[in-house]
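# A structural walkthrough
Here's the letter readout for the chains.
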Amino acid sequence: MSMAPEPHRSPTGPADTLPLRDGMHIPVIGLGVFRSPAGHATQQAVTAALDAGYRHIDTAAVYGNEADVGHGLRESGLDRDQVFITTKLWNADHGYPSTLDAFERSRGLLGVDHIDLYLVHWPVPGTRQETWRAMEHLLETGKARAIGVSNYMAHHLEELLGYAQHLPSVNQFEISPYNYRSRADVIDLSRKNGIQVEAYSPLTKGLKLDDPPLVRIADAHQRSTAQVLIRWALQHELVVLPKSTHANRIAGNADVFDFALTDDEMETLDALDENLVTAWDPTTTP
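Definitions and limits used
- Residues numbered from 1 in each chain as written.
- Predicted model: local features only at pLDDT ≥ 70, side-chain atom pairs only at ≥ 80, totals over all residues.
- Heavy atoms only, no water.
- pLDDT = per-residue confidence, 0-100.
- Contact = heavy atoms within 4.5 Å.
- 1 Å grid on protein atoms, 1.4 Å probe; cavity = no way out; pocket = protein on both sides within 12 Å on 5 of 7 lines; lining within 4 Å.
- Points joined across faces, edges and corners; volume = space filled by probe spheres on them.
- Helix = DSSP H or I, 4+ residues; strand = E, 2+ residues; numbered from the N terminus.
- Nonpolar A, V, L, I, M, F, W, Y, C, P; charged D, E, K, R; others polar.
- Core = buried A, V, L, I, M, F, W, Y, C linked by side-chain atoms within 4.5 Å.
- Buried < 20%, exposed > 50% of the residue type's maximum accessible area, 1.4 Å probe, protein only.
- Pairing = 2+ DSSP bridges.
- Phe/Tyr/Trp six-rings, centres within 6.5 Å; stacked < 30°, edge-to-face > 60°.
- Right-handed = clockwise from strand over helix to strand, strands pointing away.
- Polar contact = N/O pair within 3.5 Å; in protein donor to acceptor, adjacent residues only side chain to side chain.
- Axes fitted to C-alpha atoms, helices over the stretch in contact; angles between N-to-C directions.
- Parallel < 35°, antiparallel > 145°, perpendicular 65-115°, else oblique.
- Left-handed = near helix turned anticlockwise from the far one by under 90°.

Here the protein shows a mean pLDDT of 95. Residues at 70 or above account for 97%. Low pLDDT (under 50) marks residues 1-8, which in the prediction has 22 contacts with non-local residues, meaning those over four places away or in another chain.

Reported here for the largest pocket is a volume of approximately 590 Å³. In this structure, the largest pocket is lined by 28 residues; those nearest its centre are Phe-34, Ser-201, Lys-205, Leu-241 and Lys-243. Ranked by the residues each element gives to the lining of the largest pocket, the list is headed by helix α9 (residues 247-254), at 3 residues. The residue makeup of the lining of the largest pocket, split by class, is 12 nonpolar, 11 polar and 5 charged.

Judged by nonpolar contacts, the single largest core of 85 residues is most densely connected at Ile-29, Leu-31, Ile-57, Tyr-118, Trp-132, Ile-175 and Trp-232. Looking at this core, the element that brings in the most residues is helix α8 (residues 225-235), giving 7 residues.

Pairing is parallel across the open sheet formed by 8 strands, whose spatial order is β3-β4-β5-β6-β7-β8-β9-β10. In this open sheet, the two strands that pair with only one neighbour each are β3 (31-32) and β10 (239-241). Alignment of strand β9 (residues 196-200) against β10, held across 3 bridges, turns out to be parallel. Bridging across to β10, Glu-198 finds its partner in Val-239.

The next thing to look at is the packing of aromatic side chains. The geometry of an aromatic ring pair comes down to the distance between the two centres and the angle between the two planes. By the definition in use, this model includes 5 aromatic pairs. Between Phe-103 and Tyr-118 the ring centres are 5.0 Å apart and the planes differ by 85 degrees, which places this aromatic pair in the edge-to-face class. Residue Phe-103 is located in helix α3 (residues 96-110), and its partner Tyr-118 is located in strand β6 (residues 115-120); the two are separated by 15 residues in the primary sequence. By relative accessible area, Phe-103 is classed as buried at 0%. Cluster of aromatic residues (ring-pair linked, three or more members): Trp-90, Trp-122 and Trp-280.

Most of strand β7 (residues 144-150) sits inside the fold, with 6 of its 7 residues counted as buried. Here 5 bridges tie β6 to β7, and the two strands are oriented parallel to one another. By the bridge assignment, Tyr-118 is partnered in β7 with Ile-147. Between the parallel pair β6 and β7, the chain is carried across by helix α4 (residues 128-140), and the sense of this crossover is right-handed. Bridge analysis of β7 against strand β8 (residues 170-174) gives 3 bridges, and the strand direction is parallel. Bridge pairing in β8 links Gly-148 to Val-170. Regarding the hand of the β-α-β motif, the stretch spanning β7, helix α5 (residues 154-161) and β8 is right-handed.

Of note in the backbone geometry, Asp-22 takes a positive phi value of approximately 65 degrees without being a glycine. Of note, Asp-22 is situated in the loop between β1 (17-19) and β2 (25-27). Exposure remark for Asp-22: the relative accessible area of 38% places this residue in the partly exposed category. The backbone of Gln-222 shows a phi angle near 55 degrees, a positive value even though the residue is not glycine. Residue position: Gln-222 is located in the loop between α7 (212-221) and α8. A relative accessible area of 74% means that Gln-222 is categorised as exposed.

All right, on to the environment of Lys-143 then. Its location among the elements puts Lys-143 in the loop between α4 and β7. Spatially, the C-alpha atoms of Lys-143 and Val-46 are 23 Å apart, while their sequence positions differ by 97 residues. Excluding residues within four positions of it along the chain, Lys-143 makes contact with Phe-103, Glu-104, Arg-107, His-114, Ile-115 and Leu-138. At 3.0 Å, the side chain of Lys-143 and the side chain of Glu-104 are in polar contact.

This next bit is on the packing of helix α1 (residues 40-51) against helix α2 (residues 66-76). The N-to-C vectors of α1 and α2 enclose an angle of 40 degrees; their axes lie 8 Å apart at closest approach. With respect to each other, α1 and α2 are oriented oblique. Crossing geometry of α1 relative to α2 is assigned as right-handed. Contact residues: α1 offers Thr-42, Gln-43, Val-46, Thr-47 and Leu-50, while α2 offers Asp-68, Val-69, His-71, Gly-72, Leu-73 and Ser-76. For the contact of α1 with α2, the class distribution of residues is 4 nonpolar, 6 polar and 1 charged.

Right, dumping it as structure tokens:
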């Protein structure tokens, strides 16, 4: 089994990192590019994020914009090792040889020599163990600096823990105050095994941005409700992946390090749980 992550301190900016196993570190805020259109829109979003101090971009093969993420990275002028790049294996590419082939396609589209974090995008039944062996091979050869999973609920993760030679560094799934307590089992299991939890759709795809309890807390801090949701995630020691293609919103989503939510405010937000799922729901996947 690989090494568990070291203790960490509270982050003070979007490029600050949390430790992963095997000595890797992941920036606490990443730009998500789910449904960012291929071409100029994604390229500009990546450029805006890197200009705003982000050092973490999260894409996936199925998003169809890996090449644009790579373009934005090169246009930024930043050294490759200054930016943490995540991409993901799509469902149709599971299995040992298919996983290796899919990784090489993604690496080629991104135009990079390694991928910082490669995730299994979904717990496809029947092929998970073979797929994970390929993920471990990518880690052992250094092509992927870290490997992990996405949309793995507690029963998927328990299965993986039974055969993994290298545990995942990250488990990425939908988290917001509106489902945090409902997903406590998988959050706790991940943390117990030294797996960093990463939150996608932290802004609920906009569905809850006008929710009165959230608005009251935002008003008390003279912040947007989106900023409060991101700050909430950071105070729960989650890596958080807000998505936008608008430069002003991208910058605003990273401007969350000069205020803090009180314990009472955190409790109020936690109590908003209604098991909200705005994207895929993996809980019923066997």
